[in-house]
Amino acid sequence: MEDVRLRRGDTLILDGLNARINAGETVALLGANGCGKTTLSRVLLGQMWPTDGRVQVLGKTLGRTDVRALRRRISVVNGATSIGPVGVSSGAIVDARLDAVAAVCTGYFATVGRYDRPTDAQRAAAVDLLRVVGLGHRLEHRLSSLSTGEQRRAVLARALVTEPELVILDEPTAGLDLPGRERLLAALADLRNARPRPTVLLITHHVEEIPGDADGVWLMRSGRLTHAGPPADVLTSEALSTTFGCDVRVTFEHGRYWVQVAATPWDRPRSRD
Ligand SMILES: Nc1ncnc2c1ncn2[C@@H]1O[C@H](COP(=O)(O)OP(=O)(O)OP(=O)(O)O)[C@@H](O)[C@H]1O
């Protein structure tokens, strides 16, 4: 991204973004609600058009390339409800009535329901991926009978089945319990060992979800990227306190970064009695 600005009405949503992710790198994007993270991802997907600036994705310059062809090389996973009944207004990306293997196979055809017949090799790849995300024991189960965490992992497997070159994960662990979240993070760590290794943009609110060996971390505030660099340089108490507007302490343990809120601007001085 070069000098990317995006204005809608009176709101400057993205304010002069300059940043780069090299092929195969994992970068985490962190910032307060409403700072522009999802908008940035939508720009990368060609779903929102910047007011100024230049965006290149997978070597293609947006505005000079067929976005539909580019989209086939990208997968998006977000925490929103994406499994449900098929219908124009349901917003579902996959039919809840499908079993896990069939659901993952819809990823090959970018369909919500089962309209196409996958090859044996495609089914085998879907089964492999379901095992990777810890759903090997749920292959024949309908999505509607799976727990939220299991559904989320099935959606992740669906997103990966086409071996995308770029994976955008927008709060992929939202709504997951602790083991569910750890399982999903482990699946993401496996993804970083995949060959070829996809480029990953992980949008998250949770510092502890950022792999300690991520290639980069971007901090965003009011539509600007205020910090970008290796995790050890960016995930500091000072930088995160500025980003979130409250006093936080960052520690590094067990290969990950952890945050504690030390004080918030709305803390009142405690009475002595
Ligand atoms: N089409 C639009 N027109 C006007 N304002 C918009 C539009 N799309 C998004 N915004 C505003 O831009 C800001 C950034 O939204 P965005 O969804 O990118 O934030 P975010 O960082 O992903 O937030 P969250 O962490 O809450 O998901 C918000 O204030 C939002 O209301």
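What you are looking at is a predicted structure, and each value in this text was computed from that prediction instead of being measured.

With that settled, consider the side chain of Glu209. By secondary structure assignment, the location of Glu209 is in the loop between strand 11 (199–204) and strand 12 (216–221). By relative accessible area, which is 4% here, Glu209 ends up buried.

Pairing within the open sheet is mixed, and its six strands lie in the order 7-10-11-3-12-13. Edge positions in the sheet fall to strand 7 (74–78) and strand 13 (224–229), since each has one partner strand and no second. Here the average twist between neighbouring strands, direction ignored, is 15 degrees. Direction of pairing for strand 3 (residues 26–31) relative to strand 11: parallel, over a ladder of five bridges. Paired with Leu29 across the bridge in strand 11 is Ile203. Against the sheet, helix 8 (residues 237–244) engages strand 3, strand 12 and strand 13, with an angle of about 35 degrees to strand 12.

As a further point, take the domain arrangement of the chain. In terms of domains, the chain is made up of domain 1 (20–46 + 164–273) and domain 2 (74–163). Taken together, the contact pairs 21 residues of domain 1 with 18 residues of domain 2. Summed over the three residues of domain 1 that lose the most area to domain 2, namely Pro164, Arg183 and Leu184, the buried surface amounts to 30% of that side. Ranked by the residues each element gives to the side of domain 1 that touches domain 2, the list is headed by helix 6 (residues 178–192), at six residues. Residue composition of the side of domain 1 that touches domain 2, by class: 15 nonpolar, one polar and five charged.

It is worth spelling out the site of the ligand at this point. In the region of the ligand, the neighbouring residues are Arg8, Ile13, Ala32, Asn33, Gly34, Cys35, Gly36, Lys37, Thr38, Thr39, Glu171 and His205. Cys35 places a polar main-chain atom, nitrogen or oxygen, 3.2 Å from an oxygen atom of the ligand. In the model, an oxygen atom of the ligand is placed 2.5 Å from a nitrogen or oxygen of the Thr39 side chain. About the coverage of the ligand: the protein hides 59% of its 640 Å² of free accessible area. Sort the elements by how many residues they give to the shell around the ligand and helix 1 (residues 37–44) lands first, with three residues. Broken down by class, the residue content of the shell around the ligand amounts to three nonpolar, six polar and three charged.

In this section: helix 5 (residues 148–160). For helix 5, built from 13 residues, the straight-helix expectation of 18 Å at 1.5 Å per residue is met to within 8% by its first-to-last C-alpha distance of 19 Å. Most of helix 5 sits out of view: twelve of its 13 residues are buried. Every buried residue of helix 5 is listed here: Gly149, Glu150, Gln151, Arg152, Arg153, Ala154, Val155, Leu156, Ala157, Arg158, Ala159 and Leu160.

Calculation rules
- Numbering of residues starts from 1 in each chain and follows the order in which that chain's sequence is written.
- Note on the predicted model: pLDDT of at least 70 is required for a residue's local features to be given, and 80 or more for side-chain atom pairs to be given and counted; whole-chain, interface and lining totals, by contrast, use all residues.
- With hydrogens and water stripped out, all remaining heavy atoms of the structure feed into the side-chain values.
- Numbering of helices and strands starts at the N terminus; helices are DSSP runs of H or I of at least 4 residues and strands are runs of E of at least 2.
- Buried, partly exposed and exposed residues are distinguished by accessible area as a fraction of the type maximum, computed with a 1.4 Å probe on protein chains only: under 20%, between the cut-offs, and over 50%, respectively.
- The pairing criterion is simple: DSSP has to find at least two bridges between the two strands.
- Each axis is a line fitted through C-alpha atoms, taken for helices only over the stretch in contact, and angles between the N-to-C directions span 0 to 180 degrees.
- Contacts are residue-level and defined by heavy atoms, with any inter-residue pair within 4.5 Å sufficient.
- An automatic or database domain assignment supplies the start and end points of every domain.
- Note on terms: buried area is the combined drop in 1.4 Å-probe accessible area of two parts once they are placed together, counting the loss on both.
- Following the grouping adopted for this structure description, the nonpolar residues are Ala, Val, Leu, Ile, Met, Phe, Trp, Tyr, Cys and Pro, the charged ones are Asp, Glu, Lys and Arg, and the polar ones are all others, Gly among them.
- Proximity is defined per residue: any heavy atom of the residue falling within 4 Å of a molecule or strand makes that residue near it.
- Pairing of N or O atoms within 3.5 Å defines a polar contact, subject to two protein rules: one partner must be a possible hydrogen donor and the other a possible acceptor, and residues neighboring in sequence count only if both atoms are side-chain atoms.
- Here the open area of atoms and residues is found with the Shrake-Rupley method and a 1.4 Å probe, where only the protein chains shown may cover a residue.
- What a helix should span is 1.5 Å times the count of its residues minus one.

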